[in-house]
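Descriptive structure summary
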Amino acid sequence: MRRYLVSFDDGAMTFPEEELPGVAAAAHAVVQEAMDGGVWVFGGGLYSHEEVSVVATDGTVTDGPYPESKA
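These figures come from a predicted structure and were not determined experimentally.

Some words on the overall build of the chain
Across its full length, the chain carries one helix and two strands. Beginning at the N terminus, the succession of helices and strands in the chain can be written as α-β-β. Across the 71 residues in the chain, those meeting the buried criterion constitute 4%. Accessible area for the chain stands at about 6,800 Å²; split by element, carbon and sulfur atoms hold 57% of it.

Examining a nonpolar patch on the surface
On the surface, a nonpolar cluster with roughly 250 Å² of combined accessible area is contributed by Met13, Phe15 and Leu20. Tracing the backbone through its elements, the reader meets Met13 in the segment before α1 (20–36). Using a relative accessible area of 41% as the deciding quantity, one classes Met13 as partly exposed.

Topic: the confidence of the model for the chain
Chain-level statistics for the chain give a pLDDT mean of 78 and a share of 72% at 70 or above. The lowest-confidence element of the chain is strand β1 (residues 53–55), averaging 78 in pLDDT; the highest-confidence one is α1, averaging 89.

Notes on α1
Relative to the 24 Å expected for 17 residues at 1.5 Å per residue, α1 spans 24 Å between its end C-alpha atoms, a close match to the ideal helical length. Just beyond α1, the residue with positive phi is Gly38, at close to 75 degrees.

Quick notes on the rules
- For every chain, the first residue of its written sequence is number 1, and the numbers climb from 1 along that sequence.
- For this predicted model, a pLDDT threshold of at least 70 governs which residues receive local features, and a threshold of 80 or more governs which side-chain atom pairs are given and counted, while totals over whole chains, interfaces and linings are taken from all residues.
- Side-chain measures here rest on the full set of heavy atoms in the structure, leaving out hydrogens and waters.
- Under the scheme used here, helices are H or I runs from DSSP no shorter than 4 residues and strands are E runs no shorter than 2 residues, and both carry numbers assigned from the N terminus.
- For each residue, the accessible area found with a 1.4 Å probe, counting protein chains only, is set against the maximum for its type, and the residue is called buried under 20%, exposed over 50%, and partly exposed in between.
- Per-residue and other accessible areas were derived by the Shrake-Rupley procedure at a 1.4 Å probe size, with only the shown protein chains allowed to occlude residues.
- Patch membership requires over 30% relative accessible area and the absence of a salt bridge. Like charges are linked within 9 Å, and nonpolar side chains (Val, Leu, Ile, Met, Phe, Trp, Tyr) within 5 Å.
- Salt-bridge detection follows one rule: a side-chain nitrogen of Lys or Arg within 4 Å of a carboxyl oxygen of Asp or Glu.
- Per residue, pLDDT captures the predictor's confidence, and it can take any value from 0 to 100.
- Helix span, as expected, comes to 1.5 Å for every residue beyond the first.

Right, here's the structure in full:
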């Protein structure tokens, strides 16, 4: 069974504040349609990129969205 991730980066969803209720209603309608159709798996939010840590393959943990690297 195929699964899809719908994701938007921090700046992808910019619109006037007065449109927020309509955007929220449309988003909830899409989720409800997926649930009703039996194809919904799960939903959740992610932390903004300023609040994340990166774990490298060697186990090194770096605060921030990008691993440390040599220039």
